[in-house]
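In case you want the letters, here they are:
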Amino acid sequence: MRVLIRRPRREVELPGRRRVREILKELQINPETVIVVRGETLLTSDDVVGEEERIEVIPAISGGAR
């Protein structure tokens, strides 16, 4: 699978099928700080990503009111 990480921008290839939580753990990314998408679909930590798929790991950004 191909994993596009937005910050810092890099692309990683990982072999096999894995759950999103396993991917983030291997890449040492805190799952509470990102969202993971496949195409336009938001993935949960239990979703499985196939070997031929591409996902994006995007920083979760929140704002507040003044």
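Just so you know, these numbers come straight off a predicted model, no measurement behind them. (Residues numbered from 1 in each chain as written. Predicted model: local features only at pLDDT ≥ 70, side-chain atom pairs only at ≥ 80, totals over all residues. Heavy atoms only, no water.)

### Some details on the sheet that holds strand E1 (residues 2-5)
Taken in spatial order, the 5 strands line up as E2-E1-E7-E4-E5 in an open sheet, and their pairing is mixed. Either end of the sheet is taken by a strand with one partner, and the two such strands are strand E2 (10-13) and strand E5 (41-43). Taking the axes of each pair of neighbouring strands and ignoring which way they run, one obtains an average angle of 30° across the sheet. Bridging between strand E4 (residues 34-38) and strand E7 (residues 54-59) involves 4 bridges; their strand directions are antiparallel. Residue pairing across strands places Ile35 opposite Ile58, the latter belonging to E7. (Pairing = 2+ DSSP bridges. Helix = DSSP H or I, 4+ residues; strand = E, 2+ residues; numbered from the N terminus. Axes fitted to C-alpha atoms, helices over the stretch in contact; angles between N-to-C directions.)

### As for unusual backbone geometry
Cis peptide bonds are those with omega within 30 degrees of zero, and the linkage from Arg7 to Pro8 qualifies with -10°. Relative to the helices and strands, Pro8 is located in the loop between E1 and E2. A positive phi angle, near 55°, is found at Gln28, a position not held by glycine. Tracing the backbone through its elements, the reader meets Gln28 in the loop between helix H1 (20-26) and E4. Residue classification places Gln28 among the exposed residues on the basis of a relative accessible area of 74%. (Buried < 20%, exposed > 50% of the residue type's maximum accessible area, 1.4 Å probe, protein only.)

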